[in-house]
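Coordinate analysis (summary)
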Amino acid sequence: MPFEWIAAVRFLREGRMQSLLIIVGVGVGVAVIVFMSALLSGLQANLIKRTLSSQAHITLLPPEEIARPQQATDATALRLQKQAQRLRAIDQWQTLRDRLETWPEIAAVSPVASGPAFAVRGEANKAITVVGIEPERYNRVISLAERLTAGQLRVGAGEAVIGIELAKDLGAEVGDKLRLSAADGRSDTLTITGLFDLGNKGVNARNVYVGLRTAQSLLDLVGGVSSIDLALHDLDLAEQLARRIAGETGLTADSWIKTNAQFVTALTSQRVSSNVIRFFIALSVAFGIASVLVVSVIQRGKEIGILRAMGATQAQMRRIFLLQGGIVGFFGSLLGSALAWSFLMLWQLLARNPDGTPMFVIGVEPGLVALAAGGASLVGILSALLPARRAAQLDPVVAIRG
Amino acid sequence: MADTNDRVLHLAGIRKSYGSGEVESKVLHGIDLTLQRGEFAALIGPSGSGKSTLLNLIGLLDRPTSGQLHIDGEDSGQLDDTGLTRLRGQRIGFVFQHHHLIPAFTAEENVAMPLLVARGRPDSEMFERAGHLLDQVGLADRKQHLANRLSGGQQQRVAIARALVTNPSLVLADEPTGNLDTHSADDVFALLREFNRRQHTTFLIVTHDPRLAARCDRIIELVDGRIVADQAVASA
Ligand SMILES: Nc1ncnc2c1ncn2[C@@H]1O[C@H](COP(=O)(O)OP(=O)(O)OP(=O)(O)O)[C@@H](O)[C@H]1O
Ligand SMILES: [Mg+2]
């Protein structure tokens, strides 16, 4: 072990009470930071997961139509209206699907044919959205299969999966028949094969999942799809990627970040305010370390003078005190991580849903502990800069005489 | 006579003042002094005459206001702080009045400290040397004791071992026996004398004790920052 390490460790060990107190101080600061980070990221991940449980990360739609001139005749106005009513399809969607599947950022691609219709059962009649899917692909974007409360995810010819809310409205169960009628008198009678709960009341009341072909014929979209849903590996890249896809394909690409702008802003400001809090905790920890080391430099003035008389250089003296700061920070962060882990366990024990399941699962990730250890050691070294400078510049003559 | 290669210490026109302008206080007024290798010299004088100030300058712990200071032929005026520190570490050993040891370390580690500081890492050779010196100062059974567990006389003997561990050219001792009872003082002084005889190490010892000064080879007397007497002692 180099001389500086030996001296730093001996000095810390000799001033046992002081070192212990400051390590505990650092530990409490680190614990709060780690606990807060874990709680916040757990909370946010949970909120995002809930939001995205019924939403694709990016949805591709046909390009927006260019606005027509204002002075239109009645005849063109009528034609326009008809055109708007008709569902627009994405050109060459198979080629596009295959191309997007090769992108490394994209985890799953799911073509969807969806449009408005009415669900009729006995006297009941509800406005719904027919969503035609390829179930394996769709399931990789929105995990429908996991969200079934009854039946199976089966959408072959003549089969449909509906939300629990719609099932309640219609008084229907798995195995019952359901008639869907769309524009221009097209209609189809389907058997309910499954019920889902995507955690969103509107979606549970509105979406009726059917096979892609069934939807295409109901919606007069033969061979076409009205949108393509994408799942990404990295949620945060959604907006960037959506722009890129829009630029390359000419389609409209809506990312979850854009469609949930308010929610995302709320998350961001939550993160910013927690960063501010973390910064000030780190600052007060740094001042704590610095003040203890400043006192230690004064107390050890005589020893510093002796070491200088023995041939220790200013740089060596500086390093001895920088190391003490780093060591205090490092051990403080270990203590803090252990404390944070206990808080989190306790929190998970206490914060529970009414049914007794944990409200959401959070843990101290090893990465976060490593970051805390590295960060606290660095903060320790930085806060030791000033005391170390004082130690290096101490006049040995004065130190020895005093 | 001895040629210049045997000059361990050479001072010419050394002045030292503290402060500047109206509050300037002049402590040393032009000191010329040469010590040959192997000399055992006492520096005496009334309190406040500048003895400690002079020793700190010679020990390169402080810089003179003007004048030349050579250690083993090396001009200290040409060196920066790092250079002075290196020269001090290699050529000079200190024994202070208040037996300044570092309490967090054992006796053996305190003795090895100048070598540890210079080499940067501990090695077995430095502890062997430290152990050997502790044997010579009669502390063979106290090597692993923490410094502050030793008596005053024992601590001062550890400090002497430490001053000698680097085989310095010059050992500076500022009232090394000032804090000790007569018996311990005699022991410590005898020890210094023994190392001087055996290894031809040069010693400059500040003392208030005329009895001990008389046992040196040479007595240099400082009054009000000037050398007023410098004479050899007729060997008894
Ligand atoms: N840092 C300083 N600033 C101002 N004056 C100083 C300083 N250090 C020493 N002096 C003055 O220099 C003079 C000589 O002091 P020094 O300590 O060298 O005396 P000394 O001969 O060692 O005395 P003693 O025998 O009491 O130890 C004293 O008047 C002292 O007040
Ligand atoms: Mg003095």
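Conventions used here
Residues numbered from 1 in each chain as written. Chains lettered and ligands numbered in written order. Predicted model: local features only at pLDDT ≥ 70, side-chain atom pairs only at ≥ 80, totals over all residues. Heavy atoms only, no water. Contact = heavy atoms within 4.5 Å. Buried area = accessible area lost by both parts, 1.4 Å probe. Salt bridge = Lys/Arg side-chain N within 4 Å of Asp/Glu carboxyl O. Polar contact = N/O pair within 3.5 Å; in protein donor to acceptor, adjacent residues only side chain to side chain. Helix = DSSP H or I, 4+ residues; strand = E, 2+ residues; numbered from the N terminus. Nonpolar A, V, L, I, M, F, W, Y, C, P; charged D, E, K, R; others polar. Domains from an automatic or database assignment. Phe/Tyr/Trp six-rings, centres within 6.5 Å; stacked < 30°, edge-to-face > 60°. Buried < 20%, exposed > 50% of the residue type's maximum accessible area, 1.4 Å probe, protein only. Near = heavy atom within 4 Å. Areas by Shrake-Rupley, 256 points an atom, 1.4 Å probe, with all protein chains shown as cover. Pairing = 2+ DSSP bridges. Axes fitted to C-alpha atoms, helices over the stretch in contact; angles between N-to-C directions. Expected span 1.5 Å × (residues − 1). Arc of directions from axis to C-beta. Core = buried A, V, L, I, M, F, W, Y, C linked by side-chain atoms within 4.5 Å. Patch = residues over 30% accessible without salt bridge, like charges linked within 9 Å, V, L, I, M, F, W, Y side chains within 5 Å.

Brief notes about the interface of chain A and chain B
Listed by partner, the interface residues are 24 residues for chain A and 25 residues for chain B. Counting each side, the surface lost to burial between chain A and chain B is near 2,300 Å², with a carbon and sulfur contribution of 66%. Where chain A packs against chain B, one counts two salt bridges. Here Glu109(B) ties to Arg10(A) by a salt bridge, and the two come within 2.7 Å at their closest N and O atoms. Summed over the shared surface of chain A and chain B, the number is eight residue pairs in polar contact (both at pLDDT 80 or more). Of all the elements in the fold, those that place two or more residues in the side of chain A that touches chain B are helix 1 (3–14), helix 12 (301–309), helix 13 (314–350) and helix 16 (396–401) of chain A. Classifying every residue of the side of chain A that touches chain B by side-chain character gives 14 nonpolar, four polar and six charged.

Points about the domain arrangement of chain A
Domain annotation for chain A reports domain 1 (3–50 + 264–401) and domain 2 (93–257). Between domain 1 of chain A and domain 2 of chain A, the C-alpha centre-to-centre distance is 51 Å.

Here's the deal with the packing of aromatic side chains
Residues and elements named next belong to chain A. Applying the stated rule across the entire model yields nine aromatic pairs over all chains. Centre to centre, the rings of tyrosine 138 and tyrosine 209 are 5.2 Å apart; their planes meet at 50°, and the pair counts as tilted. Taken as a pair, tyrosine 138 in helix 5 (residues 135–141) and tyrosine 209 in strand 8 (residues 207–211) lie far apart in primary sequence, 71 residues in all. Since its relative accessible area comes to 4%, tyrosine 138 is described here as buried. Taking relative accessible area as the criterion, tyrosine 209 reaches 1% and is therefore assigned buried. Joined through ring pairs, the aromatic side chains of Tyr138, Phe196 and Tyr209 make up one cluster.

What about the site of ligand 1?
Within the structure, ligand 1 sits among 13 residues, and Ser47(B), Gly48(B), Lys51(B), Ser52(B) and Thr53(B) are positioned closest to it. Lying at an intersection of chains, ligand 1 is approached by residues of chains A and B. Contact between ligand 1 and Lys51(B): an oxygen atom at 2.8 Å from a side-chain N or O atom of the residue. In isolation ligand 1 offers 640 Å² of accessible surface; the protein chains occlude 63% of this area. The element that contributes the greatest number of residues to the shell around ligand 1 is helix 1 (residues 51–58) of chain B, accounting for three residues.

Some thoughts on the sheet that holds strand 9 (residues 218–223) of chain B
All names here are of chain B. Spatially, six strands are ordered 6-7-8-3-9-10 in an open sheet, and the strand pairing comes out mixed. Edge positions in the sheet fall to strand 6 (92–95) and strand 10 (226–232), since each has one partner strand and no second. Between one strand and the next, the sheet's axes are offset by a mean angle of 15°, whatever the strand orientation. Judged from the five bridges that link them, strand 7 (residues 170–174) and strand 8 (residues 202–206) form a sheet pairing that is parallel. When the bridges of strand 8 are listed, valine 171 appears paired with phenylalanine 203. Contacts from helix 1 reach strand 3 (40–44), strand 6, strand 7, strand 8 and strand 9, with the element oriented near 155° to strand 7. Running at roughly 175° to strand 6, helix 5 (residues 152–164) makes contact with strand 6, strand 7 and strand 8 of the sheet.

Focus on helix 4 (residues 124–136) of chain B
All names here are of chain B. With 13 residues, helix 4 should reach 18 Å at 1.5 Å per residue; the first-to-last C-alpha distance of 18 Å fits that figure. All of the buried residues along helix 4 are Met126, Ala130, Gly131, Leu133 and Leu134. Looking straight down helix 4, one finds that the buried residues subtend no more than 165° of arc, so they occupy a single side. Along helix 4, exposed side chains directed more than 90 degrees from the buried face belong to Ser124 and Glu128. Those residues of helix 4 hidden inside the fold are in contact with helix 3 (107–119), helix 5 and helix 6 (182–199). Sitting at the amino-terminal end of helix 4 is aspartate 123, which places a side-chain oxygen 3.1 Å from the backbone nitrogen of glutamate 125.

Brief notes about the nonpolar core
Ranked by size, the top nonpolar core spans 117 residues in total, and within it Leu307(A), Leu9(B), Leu11(B), Ile58(B) and Leu204(B) carry the most contacts. Ignoring any residue separated from it by four or fewer positions in sequence, one finds Leu9(B) in contact with Leu33(B), Thr34(B), Leu35(B), Ile58(B), Leu69(B), His70(B), Ile71(B) and Leu170(B). Membership of the second largest hydrophobic core comes to 49 residues, among which are Ile162(A), Ala167(A), Leu230(A) and Ala253(A).

Structural notes on a nonpolar patch on the surface
All names here are of chain A. Judged by side-chain polarity, Val24, Val28, Val32, Leu335, Leu339 and Phe343 come together as a nonpolar surface patch covering roughly 420 Å² of accessible area. Elements represented by at least two residues in the nonpolar patch include exactly helix 2 (16–52) and helix 13. As for its placement among the helices and strands, phenylalanine 343 is situated in helix 13. Relative accessible area serves as the criterion here: at 37%, phenylalanine 343 is assigned to the partly exposed category.

Section: unusual backbone geometry
Residue and element names in this part refer to chain B. Backbone geometry at aspartate 72 places phi at a positive 50°, although glycine is not the residue there. Residue placement: aspartate 72 occurs in the loop between strand 4 (66–71) and strand 5 (74–75). Of note, the phi angle at aspartate 224 is positive, near 50°, even though the residue is not glycine. If you trace the backbone, aspartate 224 turns up in the loop between strand 9 and strand 10.

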